[in-house]
Amino acid sequence: MPADPDCLFCKIVAGELPATIVDSDDRTVAFMDINPATRGHALVVPREHAADLLAISEDDLGACARAAQRLARRAKDRLGADGINLLNSSGVAAWQTVFHFHIHVVPRYDGDPLELPWTPAPGDEAEIAAAAQELTA
Ligand code: 5GP
Ligand code: ZN
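Along each chain, residues carry numbers from 1 onward, in the same order as the chain's sequence is written. The order in which chains are written sets their letters, starting at A; the order in which ligands are written sets their numbers, starting at 1. Only residues with pLDDT of 70 or above have their local features reported here, since the model is predicted, and side-chain atom pairs are shown and tallied only from 80 upward, although totals for entire chains, interfaces and linings are computed over all residues. Side-chain measures here rest on the full set of heavy atoms in the structure, leaving out hydrogens and waters.

**Overview of the coordination of the zinc ion (ligand 2)**
To be explicit about the condition: Distances define the donors: N, O and S atoms within 2.8 Å of the metal qualify, as do those within 3.2 Å of Na, K or Ca. Water is excluded, so some sites may look unfinished. Site shape is set this way: if four donors have all angles between 85 and 135 degrees, tetrahedral; if opposite donors are over 155 degrees apart and all others between 65 and 115, square planar for four donors and octahedral for six; otherwise irregular.
Protein coordination at the zinc ion (ligand 2): the donors are C7 (SG), C10 (SG), H49 (ND1) and H100 (ND1), at 2.0 to 2.3 Å from the metal. Geometry at the zinc ion (ligand 2) is tetrahedral, judged from the four donor atoms that bind it and their angles of 105 to 117° at the metal. Expressed as a motif, the donor residue spacing for the zinc ion (ligand 2) is C-x2-C-x38-H-x50-H.

In structure tokens:
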């Protein structure tokens, strides 16, 4: 059962909605963003529901940061990323659209055209799956 029955990411954590999971531990799950800003864009979420940066526990925040670092290392080593942006949006004014805390791990490539905020657009499923395979431990 998802902790919050109306929360999209709780449903992904509970396995009730499909997602391409690339990392998990006892406190966190990481999966590919369906609208990737760049190749390898993933989201790290706490298993326990918390709406945003102000609501998440310190322990879960630490666990999410460590998971983001794991993915950043893999993005560099395996996807050939030249840099990484970590992004958290907390609150509508800060562009948050899904109200379950998440850290965007956005691999950056020299000269890539990404600008913030990016306009979400569905990624190519095969391409997301290929990047996910490389990112998975
Ligand atoms: P926010 O706008 O709250 O910072 O980020 C929410 C992110 O969740 C967006 O980048 C969006 O593409 C992603 N997202 C929305 N719905 C889904 C979904 O059903 N599955 C996955 N994997 N990502 C989603
Ligand atoms: Zn949730």
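**Section: helix α2 (residues 58-79)**
Worth spelling out the cut-off: Only DSSP runs of H or I covering at least 4 residues are called helices, and only runs of E covering at least 2 are called strands; the numbering of each starts at the N terminus. A helix is expected to span 1.5 Å multiplied by its residue count minus one. Summary of the burial criterion: residues with accessible area below 20% of their type's maximum are buried, those above 50% are exposed, and those between are partly exposed, where the area comes from a 1.4 Å probe applied to protein chains only. It only takes one pair of heavy atoms within 4.5 Å for two residues to be counted as in contact.
End to end, α2 covers 30 Å across 22 residues, agreeing with the expected 32 Å (1.5 Å per residue, within 8%). Of the positions making up α2, those classed as buried are D60, A63, C64, A67, A68, L71, A72, R74, A75 and L79. The inward-facing, buried residues of α2 contact β1 (21-24), β2 (28-32), β3 (42-46), β4 (83-87), β5 (103-108) and α3 (125-135). Downstream of α2 by one or two residues, G80 has phi in the positive range, about 75°.

**Overview of the side chain of H104**
Where we set the bar: In protein, a polar contact means a hydrogen-donor-capable atom and an acceptor-capable atom, both N or O and within 3.5 Å, with residues adjacent in sequence counting only if both atoms are side-chain atoms; elsewhere, any N or O pair within 3.5 Å suffices.
Within the fold, H104 resides in strand β5. Among the polar contacts listed, one links the side chain of H104 to the side chain of H41, at a separation of 2.9 Å. Each residue touching H104, except ones within four places of it in the same chain, is listed here: D33, H41, A42, L43, N85, L86, L87 and W118.

**Some details on the site of ligand 1**
Here is the rule: We define proximity as follows: a residue is near a molecule or strand when any one of its heavy atoms falls within 4 Å of that partner. Areas reported here follow the Shrake-Rupley algorithm with a probe of radius 1.4 Å; residue values treat only the protein chains shown as occluding. Detection works on a 1 Å grid of protein atoms alone, calling trapped sets that fit a 1.4 Å probe cavities and calling open sets with protein on both sides within 12 Å along at least five of seven lines pockets, with lining residues defined by an atom within 4 Å of a point. Here the criterion for a molecule occupying a pocket or cavity is that more than half of its atoms lie within 2 Å of the pocket grid points. Here the nonpolar group is Ala, Val, Leu, Ile, Met, Phe, Trp, Tyr, Cys and Pro; Asp, Glu, Lys and Arg are the charged ones; every other residue, Gly included, is treated as polar.
Residues in close proximity to ligand 1 total 16 residues, the closest being M32, D33, N35, T97 and H104. M32 is positioned such that a nitrogen or oxygen atom in its backbone is 2.8 Å from a nitrogen atom of ligand 1. H104 has a polar side-chain atom sitting 2.8 Å from an oxygen atom of ligand 1. Considering ligand 1 on its own, with 530 Å² of exposed area, one finds that the protein chains cover 85% of that surface. One can see that ligand 1 is located within the largest pocket. Secondary structure elements with two or more residues in the shell around ligand 1: α1 (8-13) and β2. Examining the composition of the shell around ligand 1, we find that three residues originate from one element, α1, more than from any other. Considered class by class, the residues forming the shell around ligand 1 number nine nonpolar, six polar and one charged.

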